[in-house]
Amino acid sequence: MSLFVSCGEASGDHYAGSLVKAIEGKLGRCWGMLGPEGVSAGGQALWDYNQLQIMGVMEALKSVPRLVRLKNWMTNKILEDMPSCVVVIDSPDYHIPLIKDLRRRGYSKPIFYVSPPTVWAWRKRRADVIRDLKVICLPLFELEHNFYRDRGVESHWLGHPLLDDLYDYVPSPDVLNMYEGRCVVALLPGSRSAEVRRLAPVLKEVGLCLLKAGYYPVFSIAESLSPASKEALKKTGNPLPFFEGSGVDLIYVSNFVIGACGTAAVEAMILEKFMLVLYKASLLSYIVYKLMVKTQWVSMPNVLLGREVYPELLQGKANASLIKESLQRYLQDTTRIRENLLEAKKKLGQRGSYKFWADVIVKRVEK
C-alpha cells in the first residue's frame, strides 16, 4: 500500500504535509510531487513541487512541453507502482490532465482533490469533468462544497484547515522580541517569482512613505522562492528590512498587511488583521482573467461576505497613490473592519479538517 500526493505550491505543500501526518502511515509510504513540508512530514519527493510554480499566460504557454513530459512521466510511475489512492492538491491546469490520463489508462482506485478548482468563479464546466472522472473533492470553503455537490460531485467539508493551523497561534519569542514596540506593516510581494517582480517595486515605494510616517514596513521573503528570486527581492527592496521566516509570523506582529492576493488574505482574516490586497499580472493574463472570472472579488474574505472587507487594487490601480488612499480610509474606520473580519471568519466552518480529510481517505481506501 502507498499514498501518492501531488502539490504545486507552498500552501499545497503545507496541506500535503499536514495530511501525511494525519494519516499516520495507515496507507503505507507517501510519495509524489512534494515540497519541504511534505518531505519533513515523512513523504518521499520524486518530483519537486517548484516545477508547477508558474504565473501568467505567457509563462504557462512556454512551460507546456515541459509539463506534458512531467505529466507523462508521473502517470507512468503511478501506474507502475499502483498506489492505494491518489491525492492532488490545487494546481488544476496540471492535475486535471493528470487525472484524465490516469483514468483513461485504467487507474480505477480512489482519486481525491484537496482544494479543487474554483469552478464557482470560473470555468464551471470543470465541475462536470471532475464528476465524470469520479474524483472525490475535499474543498476549503463551504461555498465550494455546495457548488460541487449541487452538480453531482462527491464532496466532503468540515472547515478551513487554517483554523487548525492558526488556533491559539503565537510566533516564537525571538520573533516577538524582534518587533516589540514597533508599528510593523507586513509587505507581502507573494510566493511566485513573477508576482514578486511586479509587486516589489510598488511595495517599496509605499514602504518608504510609511517609514517616514513612523511605521516599520518589513518585506516578507517567501520560503518557497528560489535563491535568485530572494536575492533579487532584497536588492529591489533595499533599504527596507526583510523577514525570512514564516509569513504568518510577520502578519501576526503587524498592525496591517499590504500584499499579494492568496492564502495570506485568509491568514490575515483569521488573525484579524486588515489587509490591502494587490494583484499585478501581465496584460494578457489580466485580459484572460477579466474575460473568464465571474466573481466580483479576488480575495476570499470579500467573496465570503459578498462585499468589500479588504480593498482590492488590481493591475494599474496597484500603485502607491491609491494604496495610501485606501490605508487612510481604513485608519479612519478600524472598528467596522474588525466586525467584518469576525463575520467572515464564522463562514470558515469548524476545526479538525486534516483529521477529517484523513478519515475520508482511509475509509474510502479500506472499502
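These lines cover the structure that appears in this document, whether it is placed above or below. (Residues numbered from 1 in each chain as written. Predicted model: local features only at pLDDT ≥ 70, side-chain atom pairs only at ≥ 80, totals over all residues. Heavy atoms only, no water.)

Here's the deal with the overall build of the protein
- In terms of regular secondary structure, the protein is built from 17 helices and 12 strands.
- Over its C-alpha trace the protein gives a radius of gyration of 20 Å, about what one expects of a compact globule, namely 21 Å for 367 residues.
- For the protein, the spread of C-alpha atoms along the principal axes amounts to about 60 × 45 × 40 Å.
- A total of 367 residues make up the protein; the buried ones form 52% of that total. (Helix = DSSP H or I, 4+ residues; strand = E, 2+ residues; numbered from the N terminus. Rg over C-alpha atoms; globule rule 2.2 N^0.38 Å. Buried < 20%, exposed > 50% of the residue type's maximum accessible area, 1.4 Å probe, protein only.)

Focus on the packing of helix 9 (residues 193-212) against helix 10 (residues 227-237)
- Running from N to C, helix 9 and helix 10 point in directions that differ by 15°, and their axes come no closer than 9 Å. Taken together, the axes of helix 9 and helix 10 are roughly parallel relative to one another. The way helix 9 lies across helix 10 gives a crossing that is right-handed. Counted together, S193, V196, A200, P201 and K204 of helix 9 and S229, L233, T236 and G237 of helix 10 form the full contact between these two elements.
- When its residues are assigned to classes, the contact of helix 9 with helix 10 shows four nonpolar, four polar and one charged. (Axes fitted to C-alpha atoms, helices over the stretch in contact; angles between N-to-C directions. Parallel < 35°, antiparallel > 145°, perpendicular 65-115°, else oblique. Left-handed = near helix turned anticlockwise from the far one by under 90°. Contact = heavy atoms within 4.5 Å. Nonpolar A, V, L, I, M, F, W, Y, C, P; charged D, E, K, R; others polar.)

Section: the sheet that holds strand 4 (residues 85-89)
- If you walk across this open sheet you meet the six strands as 3-2-1-4-5-6, and the pairing is parallel. In this open sheet, the two edge strands, each paired with only one partner strand, are strand 3 (44-48) and strand 6 (135-138). On average, each strand axis in the sheet is inclined to that of its neighbour by 20°, with strand direction left out of account.
- As judged from the four bridges shared by strand 5 (residues 111-114) and strand 6, these two strands associate in the parallel manner. Within strand 6, the position partnered with I111 by the bridge is V135. (Pairing = 2+ DSSP bridges.)

Looking at the pairing of strand 1 (residues 2-7)
- Of all six residues that make up strand 1, six are buried, and the element is covered over most of its length.
- On strand 1, burial covers both faces: S2, F4 and S6 on one face and L3, V5 and C7 on the other are all buried.
- Two elements, strand 1 and strand 2 (residues 29-34), share five bridges in a ladder whose sense is parallel. Opposite S6, over in strand 2, you have M33 as the bridge partner.
- One crossover worth recording links strand 1 to the parallel strand 2 by way of helix 1 (residues 10-23), and it is right-handed.
- Pairing of strand 1 with strand 4, which is carried by five bridges, proceeds in the parallel orientation. (Right-handed = clockwise from strand over helix to strand, strands pointing away.)

Things to note about the sheet that holds strand 9 (residues 242-243)
- Strand order in this open sheet of six strands is 9-8-7-10-11-12, and the pairing throughout is parallel. The two strands at the open ends of the sheet, each matched to only one other strand, are strand 9 and strand 12 (312-314).
- Where strand 11 (residues 274-279) lies against strand 12, three bridges are found, and the strand directions are parallel. Residue pairing for strand 12: V277 is matched across the bridge by E312.

Thoughts on the environment of F147
- Tracing the backbone through its elements, the reader meets F147 in helix 6 (residues 142-150).
- On the basis of relative accessibility, which here comes to 10%, the residue F147 falls in the buried class.
- In this structure the C-alpha to C-alpha distance between F147 and A22, which are 125 residues apart in sequence, comes to 27 Å.
- Once residues within four sequence positions are removed from consideration, F147 is found in contact with V119, W120, K124 and A127.

Here's the deal with unusual backbone geometry
- P239 follows N238 through a cis peptide bond whose omega is 20°.
- Its location among the elements puts P239 in the loop between helix 10 and strand 9.
- The backbone of D90 sits at a positive phi, close to 55°, despite the residue not being glycine.
- Along the chain, D90 falls in the loop between strand 4 and helix 4 (92-104).
- One non-glycine residue, K134, lies in the positive phi region at around 55°.

Things to note about the side chain of S299
- By the element assignment, S299 lies in the loop between helix 13 (283-292) and helix 14 (300-305).
- Polar side-chain contacts of S299 include one of 2.8 Å to the side chain of E312.
- Not counting the four nearest positions on each side in its chain, S299 is found in contact with C261, A265, V277, Y310 and E312. (Polar contact = N/O pair within 3.5 Å; in protein donor to acceptor, adjacent residues only side chain to side chain.)

Some words on the packing of aromatic side chains
- A complete count under the given rule lists 13 aromatic pairs for this structure.
- Ring geometry for Y15 and W357: centres 6.0 Å apart, planes at 90°, overall edge-to-face. Of this pair, Y15 sits in helix 1 while W357 sits in helix 17 (residues 353-365), placing them 342 residues apart in sequence.
- By relative accessible area, which is 4% here, Y15 ends up buried.
- Classification of W357 by relative accessible area gives buried; the value is 2%.
- Site record: aromatic cluster; members linked through ring pairs are Y215, F256, F274, Y310 and Y330.
- One Lys or Arg, R182, reaches over the ring of Y216 and ends 4.1 Å from the middle of that ring. (Phe/Tyr/Trp six-rings, centres within 6.5 Å; stacked < 30°, edge-to-face > 60°. Lys NZ or Arg CZ within 6 Å of the ring centre and 35° of its normal.)

Here's the deal with helix 1
- Over its 14 residues, helix 1 runs 20 Å from end to end, which matches the ideal 20 Å to within 8%, given 1.5 Å per residue.
- Along helix 1, 10 of the 14 residues are buried, which leaves the element largely enclosed by surrounding structure.
- For helix 1, the complete set of buried residues consists of S11, G12, D13, Y15, A16, G17, S18, L19, V20 and I23.
- Trailing helix 1 by a residue or two, E24 shows a phi angle of about 55°, which is positive. (Expected span 1.5 Å × (residues − 1).)

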